[in-house]
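Summary of structural features
Read off the chains here:
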Amino acid sequence: MSGTSDLLLRAASQLEGDVSTNEVPMTFEVAWEVCNKVGGIHTVIKTKVPQTVAEVGERNYVCVGPFFPQARTDVEELEPKSEVLAATLDAVRSQGLQLVYGRWLIEGAPQVLLVDIEASRHRIDEWKKDLWEQTGIGCPWDDKESNNAIIFGYLVAWFMGEYLHQSEVLRGSHQQCVVAHFHEWLAGVGLILCRIRKFRLATIFTTHATLLGRYLCADPKCDFYNNLPYFDVDKEAGDRQIYHRYCIERGSCHSAHIFTTVSKITAYEARHLLKREAEVITPNGLNVVKFSALHEFQNLHAKSKAKIHQFVKGHFYGHITDEWDLDKTLYFFTAGRYEFVNKGCDLYLESLARLNHMLRQTGSDVTVVAFVIMPAKTANFNVEALRGQAVVKNLTDTVKTIQGKVGAKMLEQVMRGELPQSGELLDQTDVLKLKRGLLGAQRDSLPPVITHNLEDDSKDEVLGCIRRFVRHGKRRREPWGYTPAECTVLGVPSVTSDLSGFGLFLREHVEDPSQYGIYVIDRRFKAPEESIQQLTEHMFDFCCLNRRQRINLRNRTERLSDLLGWSTLQDYYYMARVKALHRVFPHQYPDPDAKSNTNFKLRASAANSPKLPRLEPRLEEDQVPMDQLSLE
Ligand SMILES: O=c1ccn([C@@H]2O[C@H](COP(=O)(O)OP(=O)(O)O[C@H]3O[C@H](CO)[C@@H](O)[C@H](O)[C@H]3O)[C@@H](O)[C@H]2O)c(=O)[nH]1
């Protein structure tokens, strides 16, 4: 049993009550993104599962999400082992609730319950009316996302109510305490209903990004951070036609026993936009896979870089000239959900334009290939992009065939005691094939800037920016920002900003993140022009590093992994659960904040220990011979 579940047990066994005193609590984690990849919440839950299962035990943890047909491949359907759960499923199924129960086929293999929204869609009007009568939240008929949130919420609350009822029937005075953790407004209706129906369970609500914050930041006329305390939130939500969604979010936040956000900056936003102070900050972690040897991730890096080289050869065929040395090519990328300003795409593109200028001015021999990796609605593949890959594949195949023939010919001549003459190795047909390949690989046009054609590229912000290189003056906002965190654990240096939860988290825990290859751009108190200049300079400095320095930097970046692992960050989720349990079951769970309670202090972890220090200018790995550092 892990240390944490041990603590939960000890806490529960301190006092007697009408709930079981020798069991860890039953934990439900409810989110729209369980078995449904949309964005960052999916990453949070999926990567956290192994630690949570280890902490509370497989029997005591169930992820709850919506059912979509594609989930059939993600879930192995099973019969529940728990008597209470089995009785609950029988009961709700007999009442008409359709759901899938089984094991989510991800690392940690948790129990999962997916409720079928479509099968209950016919009840939307009835449930909307009920929501209005119970809470005063009225939703328009045509908002599909809110309709889904309402159906999902009613189904989850239906299930929860039945679970608690069956628990009472089957276990009487030995019921297990229950805690339900709801993520984001899309799962919030279930939480609101659980409280209205006075269910005896502890609830937690986590916001990953406030709705109103997202909308306000996307408004070019809005100066978000300078006005945060002064917004008339009801009016702002109404003006943007999201008042009902906002009410669901604010209602969920205020109904919860414990409210958490993923970063301090989102807590600040929530204080003003949702009017509640977060009791716990639950930073996003990752399932960090420790490499057994330092060079292992460097080898992985080399393999990935070779793959990208291959792609680049195809994409830029006809333009790879003597001035472009693939060995001196660096790859930059930005990736995430397609939010042009919030994800900092505008700054990235503008800084790249300036970097291009600086590299040319200084006569650098480095080439930078910059990627924007974001999902958008596409119509089809870009034919020109595909053609490039085909041309290079063709050339590669031709050269391979000729190589084989030449090799065989050379061997034959050497066996006969003759020294092969270079002029005789290629016959006429081979020369013709090569000439044809050469002609095919020429092109006058520029390579396409996109790999897939968009449904409507006239309004696309990235393409528009690449075409115009227009500078935007907006502040970016990012509650956490997984992409740079994911880069860190893979030892890839990255850039983020002090308007992202992740950037602030690093500044809080690392004396000088740039020494570890993570550059936190000042955005909060700086004009856009200064931030763009700062980003350009970081990019330029990176381009000036030699290979050894880049390898060293990656080693330093990877050292920060421990800070981001769920092995330590799960403690904040644990704390949120104990606090929520205390609110509902005060006898079983003493106040974790009480001085007398020594059981519930956060365990010592990288995240709450002293800041990681500045590094010496020369690291020990500087001494390691190049061949042992592995290739790039
Ligand atoms: O084409 C893509 C694009 C993204 N991702 C992944 O999707 C996640 C996106 O994360 P992020 O950009 O942080 O999430 P958002 O969807 O914007 O979600 C919100 O919730 C996240 C979790 O709390 C926070 O990190 C964000 O700041 C907040 O905006 C990351 O794991 C990416 O690797 C993909 O796999 N493929």
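Predicted model, so just to flag it, every value in this text is computed and none were measured.

1. Digging into the pattern of salt bridges
- One pass over the structure, following the stated rule, counts 33 salt bridges.
- The partner of Glu277 in a salt bridge is Arg271, and the shortest N-O contact between them spans 3.1 Å.
- For Glu277, a relative accessible area of 41% puts it in the partly exposed group.
- Of the residues examined, Arg271 reaches a relative accessible area of 36% and is grouped as partly exposed.
- Across the pair Lys328 and Asp365 runs a salt bridge whose closest N-O atoms are separated by 3.1 Å. Of this pair, Lys328 sits in the loop between helix H12 (294-315) and strand S10 (329-335) while Asp365 sits in the loop between helix H13 (345-361) and strand S11 (367-373), and the two are 37 residues apart along the sequence.
- Look at Asp365 and you get partly exposed, because its relative accessible area is 43%.
- Three or more residues are tied together by salt bridges with common partners; here these are Glu58, Lys81 and Arg103.

2. Notes on the domain arrangement of the chain
- According to the domain assignment, the chain consists of domain 1 (4-207 + 258-263 + 277-287 + 566-584) and domain 2 (325-380 + 448-564 + 601-628).
- The interface of domain 1 with domain 2 comprises 20 residues on the first partner and 18 residues on the second.
- When domain 1 packs against domain 2, the two sides together hide about 1,600 Å² of surface, and 61% of this comes from carbon and sulfur.
- Our count for the contact surface shared by domain 1 and domain 2 stands at 0 salt bridges.
- Mapped onto the side of domain 1 that touches domain 2, the elements with two or more residues apiece are helix H2 (40-56) and helix H23 (566-584).
- Counted by class, the side of domain 1 that touches domain 2 contains 9 nonpolar, 10 polar and 1 charged residues.

3. Structural notes on the environment of Leu191
- Relative to the helices and strands, Leu191 resides in helix H6 (residues 188-196).
- Among the residues examined, Leu191 registers a relative accessible area of 0% and is labelled buried.
- Leu191 sits 60 residues away from Gly251 along the chain, and the two C-alpha atoms are 9.0 Å apart.
- If near-sequence neighbours (up to four positions away) are discounted, Leu191 is found in contact with Phe182, Thr203, Ile204, Phe205, Ser252, Ser255 and Ala256.

4. What to know about the nonpolar core
- By size, the foremost hydrophobic cluster in this structure holds 74 residues, and its most contacted members are Phe28, Met160, Tyr163, Phe182 and Phe224.
- With 13 residues, helix H5 (residues 144-171) is the single largest residue contributor to this core.
- The contacts of Phe182, once residues within four sequence positions are left out, are Val30, Val156, Ala187, Gly190, Leu191, Cys194, Thr203, Ile204, Phe205 and Thr206.
- Core analysis: the next-biggest nonpolar cluster, separate from the first, contains 32 residues, Tyr482, Val489, Leu560 and Leu564 among them.

5. Things to note about the sheet that holds strand S5 (residues 111-115)
- Pairing is mixed in the open sheet, where 9 strands are placed in the order S3-S4-S5-S2-S1-S6-S7-S8-S9. Two strands bound the open sheet, and with one partner strand each, they are strand S3 (75-77) and strand S9 (280-281).
- Pairing analysis gives 5 bridges linking strand S2 (residues 61-66) to S5, with the strands arranged parallel. Residue pairing for S5: Pro66 is matched across the bridge by Val115.
- Relative to the sheet, H6 contacts strand S6 (178-183) and strand S7 (202-207), its axis offset from that of S7 by approximately 150°.

6. Structural notes on the site of the ligand
- Close to the ligand lie 19 residues; Lys37, His208, Arg337, Glu478 and Glu486 are nearest.
- In the environment of the ligand, an oxygen atom lies 2.7 Å from a nitrogen or oxygen atom belonging to the side chain of Thr43.
- Gly481 places a main-chain nitrogen or oxygen 3.0 Å from an oxygen atom of the ligand.
- Expressed as a share of its isolated accessible area of 690 Å², the protein-covered part of the ligand is 84%.
- Counting only elements with at least two residues in the shell around the ligand, the list comes to H2 and helix H18 (482-489).
- With 3 residues, H2 is the largest single contributor of residues to the shell around the ligand.
- Built from parts of two domains, the shell around the ligand gets at least three residues from each of domain 1 (4-207 + 258-263 + 277-287 + 566-584) and domain 2 (325-380 + 448-564 + 601-628).

7. With respect to the confidence of the model for the chain
- Looking at the chain as a whole, its pLDDT mean stands at 88, while 89% of the residues score no less than 70.
- When the criterion is pLDDT under 50, residues 7-21 qualifies, and its contacts beyond four places in sequence or with other chains add up to 49 contacts.
- Model confidence for the complex is summarised by a pTM of 0.86, with the ipTM given as 0.95.

8. Comments concerning the state of the cysteines
- Under the definition given, this model contains 0 disulfides.
- Unpaired in this structure, Cys177 has its nearest cysteine sulfur neighbour in Cys194, at a distance of 16 Å.
- The buried category is assigned to Cys177, whose relative accessible area is 2%.

9. Structural notes on the environment of Val112
- Of note, Val112 is situated in strand S5.
- Not counting the four nearest positions on each side in its chain, Val112 is found in contact with Val34, Cys35, Val62, Cys63, Val75, Val100, Tyr101, Gly102, Arg103 and Trp104.

10. Considering the packing of aromatic side chains
- Evaluated as defined, the whole model comprises 16 aromatic pairs.
- Summarising the aromatic geometry, the rings of Phe28 and Tyr163 are spaced 5.2 Å apart at their centres and angled 80° between planes, so their arrangement reads as edge-to-face. You can see Phe28 sitting in strand S1 (residues 26-30) and its partner Tyr163 sitting in helix H5, a full 135 residues away along the chain.
- A relative accessible area of 0% means that Phe28 is categorised as buried.
- Given a relative accessible area of 4%, Tyr163 falls into the buried group.

11. With respect to the packing of H2 against H23
- At a closest axis distance of 10 Å, the pairing of H2 and H23 adopts a crossing angle of 75°. Classified by the angle their axes make, H2 and H23 are roughly perpendicular. For the pair H2 and H23, the contacting residues are Val44, Thr47, Lys48, Gln51, Thr52, Glu55 and Val56 in the first and Trp566, Ser567, Gln570, Tyr573, Tyr574 and Arg577 in the second.
- When the residues that make up the contact of H2 with H23 are grouped by side-chain class, the tally is 5 nonpolar, 5 polar and 3 charged.

12. With respect to the pairing of S11
- Two strands pair when backbone bridges link them, and S10 and S11 are joined in this way by 7 bridges, in the parallel orientation. Its bridge partner being in S11, Ala335 is matched across the sheet by Ile373.
- For the handedness criterion, the β-α-β arrangement of S10, H13 and S11 is classed as right-handed.

13. Some points on the side chain of His208
- Relative to the helices and strands, His208 resides in the loop between S7 and helix H7 (211-218).
- Residue class for His208 comes out buried when judged on its relative accessible area of 10%.
- Those residues in contact with His208, other than ones at most four positions away along the chain, are Ile41, Val44, His183, Glu184, Val262 and Pro479.

14. Notes on H2
- For H2, with 17 residues, the first-to-last C-alpha span of 23 Å sits near the 24 Å given by 1.5 Å per residue.
- Maximum bend of H2: about 45°, positioned at Val49, with proline Pro50 one to four residues after it.
- The buried fraction of H2 amounts to 13 of the 17 residues, a majority that puts the element mostly inside the structure.
- Following H2 by one or two positions, Gly57 has its phi on the positive side, about 95°.

The rules behind the values
Residues numbered from 1 in each chain as written. Predicted model: local features only at pLDDT ≥ 70, side-chain atom pairs only at ≥ 80, totals over all residues. Heavy atoms only, no water. Salt bridge = Lys/Arg side-chain N within 4 Å of Asp/Glu carboxyl O. Buried < 20%, exposed > 50% of the residue type's maximum accessible area, 1.4 Å probe, protein only. Helix = DSSP H or I, 4+ residues; strand = E, 2+ residues; numbered from the N terminus. Domains from an automatic or database assignment. Contact = heavy atoms within 4.5 Å. Buried area = accessible area lost by both parts, 1.4 Å probe. Nonpolar A, V, L, I, M, F, W, Y, C, P; charged D, E, K, R; others polar. Core = buried A, V, L, I, M, F, W, Y, C linked by side-chain atoms within 4.5 Å. Pairing = 2+ DSSP bridges. Axes fitted to C-alpha atoms, helices over the stretch in contact; angles between N-to-C directions. Near = heavy atom within 4 Å. Polar contact = N/O pair within 3.5 Å; in protein donor to acceptor, adjacent residues only side chain to side chain. Areas by Shrake-Rupley, 256 points an atom, 1.4 Å probe, with all protein chains shown as cover. pLDDT = per-residue confidence, 0-100. Disulfide = S-S within 2.5 Å. Phe/Tyr/Trp six-rings, centres within 6.5 Å; stacked < 30°, edge-to-face > 60°. Parallel < 35°, antiparallel > 145°, perpendicular 65-115°, else oblique. Right-handed = clockwise from strand over helix to strand, strands pointing away. Expected span 1.5 Å × (residues − 1). Bend = angle between axes of the 7 residues up to and from the residue.

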